[in-house]
Amino acid sequence: MALIGSGVLQGLGVTLRTFIETYPWGKALLGVLRIRTGQGLVTIEYPDVRQQHHERQRIFPFLVYDGAPDNLRCVSCKICEQECPPQCIHINGPAKDEQGRPAKVHGRTYPVTFDINVAICMSCRICVDVCPFDAIEMDNEFELSTEERFGRLVFNKARLLKSNEYFQQIKPTEAAEVDARLAAKAKPSPKPAAPAPAAGPTAAPAA
Amino acid sequence: MQSTSDTQLLEISLGPQHPSTHGVFRMNAVLDGETIVKLKPVMGYLHRNHEQIGEHTSYIGSFPFTDRLDYFCAMSNNLGLALAIEKLGNIPVAERGEYLRIIMVELTRVLNHTAVTGFLLNDMGAFGTPLLYAFREREKILDLFEAASGSRMMCNYIRPGGVRIDVPEGWLQQARALVAGYPQFLDEFERLLTKNEIIRQRTQQVGILPKALAVNASITGPLLRATGVNYDVRKVDGYSIYPRFSYKVPLGSVGDVYDRYYVRILEMRESLKILQQALRDIPAGPAVSPKGQAMVKAPRTFRPPKGEVYSRIEAPKGELGFFLTSDGTPQPYRYHIRAPSFINLTVLEDMCLGYKVADAIIILGSIDIVLGEVDR
Ligand code: SF4
Ligand code: SF4
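Just so we're clear, the structure is a prediction, and the values are computed from it rather than from any experiment.

### Digging into the overall build of chain B
- In terms of helices and strands, chain B carries 16 helices and 10 strands.
- What you see for chain B is a C-alpha radius of gyration of 21 Å, in line with the 21 Å of a compact globule of 376 residues.
- The principal-axis extent of the C-alpha atoms belonging to chain B is close to 80 × 45 × 35 Å.
- Counting the 376 residues in chain B, one finds 63% classified as buried.
- Sequence-distant contacts in chain B: of pairs separated by 6 or more residues, those separated by 24 or more amount to 72%.
- Of the roughly 13600 Å² that chain B leaves accessible, carbon and sulfur atoms contribute 55%.
- Measuring between centres, the 42 positive side-chain charges of chain B sit 5 Å from its 40 negative side-chain charges.

### Side note on the nonpolar core
- With 148 residues, the main nonpolar core has F114 of chain A together with Y157, W171 and L348 of chain B as its most contacted residues.
- Broken down by element, this core gets its largest block of residues, 13 residues, from helix α4 (residues 95-124) of chain B.
- Ignoring sequence-local partners within four residues, the contact set of Y157 of chain B consists of M75, N78, L100, M104, A148, S149, V163, R164, I165, D166 and V167 of chain B.
- F62, I170, A175 and V178 of chain A belong to the second-largest nonpolar core, a separate cluster that totals 6 residues.

### Section: the site of ligand 2
- Inspection of the region around ligand 2 gives P61, C84, P85, P86, C88, I89, C121, M122, S123, C124, R125 and C127 of chain A as its neighbouring residues.
- Split into classes, the residues belonging to the shell around ligand 2 amount to 10 nonpolar, 1 polar and 1 charged.

### A few points about the site of ligand 1
- Around ligand 1, the surrounding shell consists of C74, V75, S76, C77, K78, C80, I91, C131, P132, F133, A135 and I136 of chain A.
- Of the residues assigned to the shell around ligand 1, the class counts are 10 nonpolar, 1 polar and 1 charged.

### Considering the domain arrangement of chain A
- Each assigned domain of chain A is listed here: domain 1 (16-47) and domain 2 (61-184).
- The straight-line distance from the C-alpha centre of domain 1 of chain A to that of domain 2 of chain A is 46 Å.

### Let's talk about the interface of chain A and chain B
- At the junction of the two partners, chain A supplies 41 residues and chain B supplies 44 residues.
- By the criterion of area lost to chain B, the three top residues of chain A are R56, R58 and D129 of chain A, representing 18% of everything that side buries.
- Scanning the region where chain A abuts chain B turns up 3 salt bridges.
- With a closest N to O distance of 2.9 Å, E188 of chain B and R17 of chain A form a salt bridge.
- Counting every contact that joins chain A to chain B gives 13 residue pairs in polar contact (both at pLDDT 80 or more).
- Those elements that provide at least two residues to the side of chain A that touches chain B are α1 (6-20), α3 (79-83) and α4 (126-130) of chain A.
- Take the side of chain A that touches chain B: its biggest share by element is 9 residues, from α1 of chain A.

### Some details on the side chain of E137 of chain B
- Summarising the element assignment, E137 of chain B is placed in helix α5 (residues 129-149).
- Its relative accessible area of 4% is what places E137 of chain B among the buried residues.

### Here we look at the confidence of the model for chain B
- Looking at chain B as a whole, its pLDDT mean stands at 86, while 98% of the residues score no less than 70.
- Two summary scores accompany this predicted model of the complex, namely pTM at 0.83 and ipTM at 0.76.

### Some thoughts on the sheet that holds strand β4 (residues 26-32) of chain B
Residue and element names in this part refer to chain B.
- Taken in spatial order, the 3 strands line up as β1-β4-β5 in an open sheet, and their pairing is antiparallel. The two strands at the open ends of the sheet, each matched to only one other strand, are β1 (10-14) and β5 (35-42). Averaged over all adjacent pairs, the angle separating strand axes in this sheet is 20°, with direction ignored.
- In the sheet, β4 pairs with β5 via 7 bridges, with the strands oriented antiparallel. Note on β5: the bridge partner recorded for R26 is V42.
- The sheet strands contacting helix α15 (residues 357-367) are β1, β4 and β5, and the helix crosses β4 at an angle near 150°.

### Focus: the sheet that holds strand β9 (residues 318-326) of chain B
Residue and element names in this part refer to chain B.
- Spatial strand order, β8-β9-β10: 3 strands in an open sheet with antiparallel pairing. The strands lining the two open edges of the sheet, one partner per strand, are β8 (307-315) and β10 (332-338). This sheet shows a mean twist of 15° between the axes of neighbouring strands, independent of strand direction.
- Of the pairings in the sheet, the one linking β9 to β10 comprises 6 bridges and is antiparallel in character. Bridge pairing in β10 links L324 to Y335.
- Of the strands in this sheet, β8, β9 and β10 are in contact with helix α3 (residues 74-89), which crosses β8 at around 150°.

### Some points on the packing of α4 of chain B against helix α11 (residues 257-281) of chain B
Residues and elements named next belong to chain B.
- Two numbers describe how α4 lies on α11: the axes approach to 9 Å, and their chain directions differ by 155°. Viewed along their axes, α4 and α11 adopt a mutual orientation that is roughly antiparallel. Our pair here, α4 against α11, has a crossing hand that is left-handed. Of α11, the residues touching α4 (which contributes Y99, I102, I103, E106, L107, R109, V110, H113, T114, V116, T117 and L120) are V257, Y261, R264, E267, M268, S271, L272, I274, L275, A278, L279 and D281.
- The class makeup of the residues in the contact of α4 with α11 is 15 nonpolar, 4 polar and 5 charged.

### Focus: the confidence of the model for chain A
- Per-residue pLDDT for chain A has a mean of 78; in total, 88% of the residues score no lower than 70.
- Residue range residues 190-207 of chain A is modelled with pLDDT below 50. Its contacts to residues more than four positions away, or to other chains, number 21 contacts.

### A few points about unusual backbone geometry
- The omega angle of the peptide bond from Y46 of chain A to P47 of chain A is 5°, so this bond is cis rather than trans.
- Of note, P47 of chain A is situated in the loop between α2 (24-32) and β1 (61-65).
- Despite not being glycine, R125 of chain A shows a phi value in the positive range, around 80°.
- Summarising the element assignment, R125 of chain A is placed in the loop between β3 (113-117) and α4.
- Even without a glycine there, the phi angle at R376 of chain B is positive, about 55°.
- With respect to the secondary-structure elements, R376 of chain B resides in the segment after α16 (371-375).
- For R376 of chain B, a relative accessible area of 12% gives the class buried.

### Digging into the pattern of salt bridges
Residues and elements named next belong to chain B.
- Here the structure, examined in full by the defined rule, presents 38 salt bridges over all chains.
- Two residues, R269 and E190, come together in a salt bridge whose shortest N-O distance is 2.9 Å. With R269 in helix α11 and E190 in helix α6 (residues 171-193), this pair connects stretches of sequence that are 79 residues apart.
- For R269, a relative accessible area of 24% gives the class partly exposed.
- R225 is paired through a salt bridge with D232; the nearest N and O atoms lie 3.8 Å apart.
- Three or more residues are tied together by salt bridges with common partners; here these are E106, R109, R225, D232, R234, E267 and E314.

The rules behind these values
Residues numbered from 1 in each chain as written. Chains lettered and ligands numbered in written order. Predicted model: local features only at pLDDT ≥ 70, side-chain atom pairs only at ≥ 80, totals over all residues. Heavy atoms only, no water. Helix = DSSP H or I, 4+ residues; strand = E, 2+ residues; numbered from the N terminus. Rg over C-alpha atoms; globule rule 2.2 N^0.38 Å. Buried < 20%, exposed > 50% of the residue type's maximum accessible area, 1.4 Å probe, protein only. Contact = heavy atoms within 4.5 Å. Areas by Shrake-Rupley, 256 points an atom, 1.4 Å probe, with all protein chains shown as cover. Lys, Arg positive; Asp, Glu negative; His and termini not counted. Charge placed at Lys NZ, Arg CZ, Asp CG, Glu CD. Core = buried A, V, L, I, M, F, W, Y, C linked by side-chain atoms within 4.5 Å. Near = heavy atom within 4 Å. Nonpolar A, V, L, I, M, F, W, Y, C, P; charged D, E, K, R; others polar. Domains from an automatic or database assignment. Buried area = accessible area lost by both parts, 1.4 Å probe. Salt bridge = Lys/Arg side-chain N within 4 Å of Asp/Glu carboxyl O. Polar contact = N/O pair within 3.5 Å; in protein donor to acceptor, adjacent residues only side chain to side chain. pLDDT = per-residue confidence, 0-100. Pairing = 2+ DSSP bridges. Axes fitted to C-alpha atoms, helices over the stretch in contact; angles between N-to-C directions. Parallel < 35°, antiparallel > 145°, perpendicular 65-115°, else oblique. Left-handed = near helix turned anticlockwise from the far one by under 90°.

The structure is reproduced here in structure tokens:
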């Protein structure tokens, strides 16, 4: 074994170099001395500087509407409510008219209320995966802290509704896929409501 | 009449809210002077009823919960459950999906071992520096995870039949660049730590786990391999596509804290070899098989035949097993997890007896536990 303490000194050399290279002059100095440098400073000064997150980042779901907020894609089929693992979606609906028949807006049924308790939601994206109508998508807004625990952490329908343009803006790739899928669905069948795919507890077992 | 030089045993409680216990874990230690004569681990503070929840949700619905078992290794946990479900329901796996899974879990192994080494040094009293170096590198892997799955830690990405969605464009290049640059960091990390005399003094011949005891207590993972037992589920079972890659299983000899540290460093280097091969050979094609895709879209259409399976993987912390019993309904009848952290913790007392309190802290750190997994 070499000199006692040489291991410690070598380690200190690493920390010293890492310290120096966090400064621009330090990087230049190490360059002159031909010492290999790492990446230098890796932290950013939030909130002055913001990190660019990837578009797949998922933080809580929102409901998509096309054009006007009453033209929401959700038909209140309640599949997401049933599949949500921590059971944080609560839907009241579909809306009924006076005779008790399902009320329709833009040819679709719609939920009376649609609440997501984001204090419970774990942003798992299962609701998005199971929704047959691409009505619910994941947001990427993360500055959501509030002082109120019960009022503002339950997102109601009005809070959840966001336009398709917003979706296209935050997740261009995913939105393009969804738009293409919806366009393909709309063309061959001019019937108002899209046929419900085999899903839900009553569906036959997978082949 | 007692003289003042008579001593008595002192019982102290370390934790549950103690920075060195890696979460809400408690050690009741009986001390003679500063030497430990008895030590009782107390756990259960983070019990979240995971298994019962799993029995009340669809098979797919359990995936986000597995992320929260060992929250450092979400991808490995996902893979463990996915393999069990595949075995139960006979689901074929897409070829590209297989490779993506291997890439993800090996990145997880690198990430976990990097982080745990940082924590171990933190426990030894090297506050901050090694831990932050480790976290700096870990963050790069987490960025890759976020790009692929949408979340840094709670990935929820691997599914029966493959992965939920293919990786975005350019991801593989980024991963290749990271894997190519990682050995450089490991060299630097080792220059900082491996030969450091203080670290050697603190860790060598401390917390020795005898080979026979390790085997009898069904210890797995780096803790077992540090004692020199060649047992790696990747080699033994050859699950997924591991037999296609060439890599070694690093072994220790003494079974002390230093060996555990060094086995992890070597394991990272082997994982990088697997990653290189996987990133080189990954084929094009769908990332998930049609059956898996159908299951993601409609979880309750998946009704596996009656029966039970046990499926295990080599998670970064040891053998992670999932036991599922199906009664033909969309929900498992019984869902059990063999958590490596929990089982490895059972030999804590045997390793700590006769050592000082400060040693007990680093022995606990060297086991590498995550309380989310211990308590479930
Ligand atoms: S699954 Fe989709 S359409 Fe059905 S209730 Fe949920 S969001 Fe609405
Ligand atoms: S993201 Fe997951 S937890 Fe949140 S509402 Fe959707 S299904 Fe429920």
